[in-house]
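These are the residues of each chain, in order.
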Amino acid sequence: MAKTPWVDKDECIGCELCVNNCPNVFRMDGDGKAECFDASGATEEEIQSEAIDACPVSCIHWQE
Ligand code: SF4
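Source: prediction; values computed, not measured.

Novice: What is the right way to read a negative patch on the surface from this model?
Specialist: A grouping of E44, E45, E46, E50 and E64 is seen on the molecular surface, where their side chains present a negatively charged patch. Within the element layout of this structure, E64 appears in the segment after β4 (60–63). On the basis of relative accessibility, which here comes to 78%, the residue E64 falls in the exposed class.

Below is the structure:
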């Protein structure tokens, strides 16, 4: 089963970088925090490099 990224919203600063880099995976919620809405919207490699590694506060994690 594919891994799913999840955002620790307590840590997210709402910079929208992950949303801009992976718009088919992440979106902003009503509170200005990012959330994953489709884990299959990009490859695991893309999510790792473009979102997880790029997040300035490292608040995106894999949920197995
Ligand atoms: S890159 Fe990180 S801090 Fe920025 S919106 Fe996404 S989860 Fe939040």
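The rest of the description comes next.
Novice: How do you make sense of the pattern of salt bridges when you look at a structure like this?
Specialist: Between side chains of opposite charge, a pair can form as their charged atoms come close. Enumeration according to the criterion identifies 3 salt bridges in this entry. A salt bridge links K9 to E35; the nearest nitrogen and oxygen atoms lie 3.0 Å apart. Within this pair, whereas K9 is found in the loop between β1 (4–7) and α1 (17–21), its partner E35 is found in strand β3 (residues 34–36), the two being separated by 26 residues in sequence. What makes K9 partly exposed here is its relative accessible area of 30%. Overlapping salt bridges, with partners in common, bring together K9, R27, D29 and E35 in one network.

Novice: What am I meant to see in unusual backbone geometry here?
Specialist: Negative phi values dominate among residues other than glycine, just as trans dominates among peptide bonds. The phi angle at E16 is positive, at roughly 70°, despite the residue not being glycine. Mapped onto the elements of the fold, E16 is located in the loop between β1 and α1. Overall, the relative accessible area of 38% leaves E16 in the partly exposed class. The phi dihedral of S58 is positive, around 50°, even though this residue is not glycine. With respect to the secondary-structure elements, S58 resides in the loop between α2 (44–52) and β4. With relative accessibility at 48%, the residue S58 sits in the partly exposed group.

What counts, and at which threshold
- Residues numbered from 1 in each chain as written.
- Predicted model: local features only at pLDDT ≥ 70, side-chain atom pairs only at ≥ 80, totals over all residues.
- Heavy atoms only, no water.
- Patch = residues over 30% accessible without salt bridge, like charges linked within 9 Å, V, L, I, M, F, W, Y side chains within 5 Å.
- Areas by Shrake-Rupley, 256 points an atom, 1.4 Å probe, with all protein chains shown as cover.
- Salt bridge = Lys/Arg side-chain N within 4 Å of Asp/Glu carboxyl O.
- Lys, Arg positive; Asp, Glu negative; His and termini not counted.
- Charge placed at Lys NZ, Arg CZ, Asp CG, Glu CD.
- Helix = DSSP H or I, 4+ residues; strand = E, 2+ residues; numbered from the N terminus.
- Buried < 20%, exposed > 50% of the residue type's maximum accessible area, 1.4 Å probe, protein only.

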